[in-house]
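Structure assessment
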Amino acid sequence: MAHRVTLIPGDGIGPELAEATRRVLDATGIDFEWEVVEAGEAVIAEYGTPLPDHVLESIKRNRIAIKGPITTPVGKGFRSVNVTLRQALGLYANLRPARSIKGLDTRYEDVDLVIVRENTEDLYAGIEHMVGPDAAESIKIITRAASERIARFAFDYAVANGRRKVTAVHKANIMKLSDGLFLEACTTVAADYAGKVEFEDRIVDNMCMQLVQKPDLYDVLVLPNLYGDIVSDLAAGLVGGLGVAPGANIGTEAAVFEPVHGSAPKYAGQNKANPTALMLSGGLMLRHLGHVAEAERMEQAVRDVIAEGTATTYDLGGTAGTSQFADAVISRLERAPTSA
Ligand code: NAD
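Everything in this summary refers to the structure shown in the same document. (Residues numbered from 1 in each chain as written. Predicted model: local features only at pLDDT ≥ 70, side-chain atom pairs only at ≥ 80, totals over all residues. Heavy atoms only, no water.)

1. Topic: the overall build of the chain
- Tallying secondary structure elements over the chain gives eleven helices and twelve strands in all.
- Here the C-alpha radius of gyration of the chain, 20 Å, is about what a compact globule of 340 residues would show, namely 20 Å.
- Along the longest, intermediate and shortest principal axes, the C-alpha atoms of the chain span 55 × 50 × 40 Å.
- Within the chain, the proportion of its 340 residues that are buried is 54%.
- In the chain, once contacts between residues fewer than 6 apart in sequence are set aside, the share between residues at least 24 apart is 74%. (Helix = DSSP H or I, 4+ residues; strand = E, 2+ residues; numbered from the N terminus. Rg over C-alpha atoms; globule rule 2.2 N^0.38 Å. Buried < 20%, exposed > 50% of the residue type's maximum accessible area, 1.4 Å probe, protein only. Contact = heavy atoms within 4.5 Å.)

2. What to know about the pairing of strand S9 (residues 198-203)
- Taken together, the six bridges between strand S8 (residues 165-170) and S9 define a ladder with parallel strand orientation. For Ala-168, the partnering residue across the bridge sits in S9 and is Asp-201.
- In this region the chain leaves S8, passes through helix H6 (residues 178-191) and returns to the parallel neighbour S9; the handedness of that crossover is right-handed. (Pairing = 2+ DSSP bridges. Right-handed = clockwise from strand over helix to strand, strands pointing away.)

3. Description of the environment of Gly-40
- For Gly-40, the location among the structural elements is in the loop between strand S2 (32-36) and helix H2 (41-47).
- It is 5.5 Å that separates the C-alpha atoms of Gly-40 and Ile-70, two residues lying 30 residues apart in sequence.
- Gly-40 has contacts with Asp-11, Pro-50 and Ile-70, leaving out every residue within four places of it along the chain.

4. What to know about the side chain of Ser-263
- With respect to the element layout, Ser-263 can be found in the loop between strand S12 (255-259) and helix H9 (276-288).
- Judged by relative accessible area, Ser-263 falls into the buried class, the value being 7%.
- A distance of 2.8 Å separates polar atoms of two side chains, one belonging to Ser-263 and the other to Thr-71.
- Beyond its immediate sequence surroundings of up to four residues, Ser-263 is in contact with Asp-11, Gly-12, Ile-13, Pro-69 and Thr-71. (Polar contact = N/O pair within 3.5 Å; in protein donor to acceptor, adjacent residues only side chain to side chain.)

5. Remarks on the state of the cysteines
- Per the stated rule, a full pass over the model turns up zero disulfides.
- Cys-208 provides the cysteine sulfur closest to Cys-186, a residue in no disulfide bond, and the two sulfurs are 17 Å apart.
- Overall, the relative accessible area of 0% leaves Cys-186 in the buried class. (Disulfide = S-S within 2.5 Å.)

6. Considering the pattern of salt bridges
- Within the structure shown, the criterion is met by 25 salt bridges.
- Between Asp-233 and Arg-96 there is a salt bridge, with its nearest N and O atoms 3.0 Å apart. Taken together, the residues Asp-233 in helix H8 (residues 225-238) and Arg-96 in strand S4 (residues 93-99) connect sequence positions 137 residues apart.
- Given a relative accessible area of 40%, Asp-233 falls into the partly exposed group.
- A single salt-bridge network, built from bridges that share partners, covers Arg-4, Glu-33, Glu-35 and Arg-61. (Salt bridge = Lys/Arg side-chain N within 4 Å of Asp/Glu carboxyl O.)

7. Thoughts on the environment of His-54
- Tracing the backbone shows His-54 in helix H3 (residues 53-62).
- Residue class for His-54 comes out partly exposed when judged on its relative accessible area of 31%.
- Residues contacting His-54, with those up to four places away along its chain left out, are Val-37 and Tyr-47.

8. Looking at the site of the ligand
- Around the ligand sit 19 residues in total, of which Ile-70, Gly-262, Ala-264, Asn-274 and Tyr-314 are the nearest.
- At 3.0 Å, a side-chain N or O of Asn-82 approaches an oxygen atom of the ligand.
- Here an oxygen atom of the ligand sits 3.0 Å away from a polar atom, N or O, in the main chain of Ser-263.
- Relative to its unbound accessible surface of 810 Å², the ligand loses 66% to contact with the protein. (Near = heavy atom within 4 Å. Areas by Shrake-Rupley, 256 points an atom, 1.4 Å probe, with all protein chains shown as cover.)

9. So, the packing of helix H5 (residues 144-160) against H6
- At a minimum axis distance of 8 Å, the contact between H5 and H6 shows a crossing angle of 45 degrees. It follows that H5 is oblique to H6 by the angle criterion. As H5 runs across H6, the sense of the crossing is right-handed. Here Arg-144, Ser-147, Glu-148, Ile-150, Ala-151, Arg-152 and Phe-155 of H5 lie close against H6, whose contacting residues are Leu-181, Phe-182, Glu-184, Ala-185, Cys-186, Thr-188, Val-189 and Ala-190.
- Split into classes, the residues belonging to the contact of H5 with H6 amount to nine nonpolar, two polar and four charged. (Axes fitted to C-alpha atoms, helices over the stretch in contact; angles between N-to-C directions. Parallel < 35°, antiparallel > 145°, perpendicular 65-115°, else oblique. Left-handed = near helix turned anticlockwise from the far one by under 90°. Nonpolar A, V, L, I, M, F, W, Y, C, P; charged D, E, K, R; others polar.)

10. Examining the nonpolar core
- The biggest cluster of nonpolar side chains holds 68 residues, and the ones touching the most others in it are Ile-66, Leu-95, Val-116, Val-222, Phe-257, Met-285 and Val-329.
- Of the residues forming this core, the biggest block, seven residues, is contributed by H5.
- When sequence neighbours within four positions are dropped, the list of residues in contact with Phe-257 reads Ile-64, Ala-65, Ile-66, Lys-67, Gly-247, Ala-248, Ile-250, Ser-281, Leu-284, Met-285 and His-288.
- One finds Ile-115, Leu-211, Tyr-218 and Val-239 within the second-largest nonpolar core, a separate group that totals 17 residues. (Core = buried A, V, L, I, M, F, W, Y, C linked by side-chain atoms within 4.5 Å.)

11. A word on the sheet that holds strand S5 (residues 112-118)
- One open sheet accounts for ten strands, arranged S2-S1-S3-S12-S11-S4-S5-S10-S8-S9; its pairing is mixed. Two strands bound the open sheet, and with one partner strand each, they are S2 and S9. When strand polarity is set aside, the average angle formed by the axes of neighbouring strands in this sheet is 25 degrees.
- Alignment of strand S3 (residues 64-67) against S12, held across three bridges, turns out to be parallel. Counted as the bridge partner of Ile-66 is Phe-257 from S12.

Shown next as structure tokens:
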């Protein structure tokens, strides 16, 4: 049976990247039925909002969406589409793998990390107020329920994707109650996976140093919201930056797959931008749908094209366009044997 997926092309370079990614996903041989809906700047004039109700309804109905980046209008009173989606759909887990790609000029060769960030609470709950004119207070919320839920997500991801270890990252030495509770929740959940997935914990500052010194020691990391936000960008930097960084926001009702980068308006419509991050986000979608072998085949095809270096986009030092990169990936996929 075909997977019905909501496809949101997005703004700026989004539509070109979305078309390239859709072609590659179709070339995996998996049957998709794409429900294309528009959100972002282009629809504001028509609907008065960058996120019309029918877009949200489409995601709720299909439970799976893949989206290009969306421009956040500055100072026009619109809430970020990404934040609205996260809240409206209860997307509690932010998933950001960072894996070295041969052929990219980076400091490390063997990074293979998966960052799992809690998406709903911590200091990002946005509960802050002034205390008199010269002091501000921001409240850090950590609950056992949300911490156990994200820990379980990290362990389940590890099991489903053959990963060996989960590291909980915290600052429980200082924030003994809030981060202490996060660590306690992770430790409790880890006991259910004993013998299947290793568990350890690290203090966040030490974690940052270790990621820079010996990233190959780590596998899946699970973090509260604020540390997760920072460490996931650090991890992207280890493997070549935002142009190749995929992401996903996943909840119990729906999952939205999207690149980490923005809409790069200056390259819009030029068939220039690199579709790697959105294609790899498509790989995460395939994994989420249970097609792990096909995801690996597709991701390998993307990596092979980059390593070969003859069909890469400008940001990776090449001269190929977005669509030529997609053509090269598709031709690799057609040559590689279909597995599982
Ligand atoms: P950006 O990621 O769009 O661009 C940063 C730099 O990276 C630019 O030089 C750009 O040209 C380059 N770049 C980004 N993606 C690329 C790609 N795929 N291939 C080649 N080069 C690429 O960040 P920005 O300029 O800060 O933001 C532009 C807009 O995107 C803003 O409106 C912002 O709000 C929005 N944004 C959206 C999302 C999202 O929808 N998830 C995420 C980040 C930013």
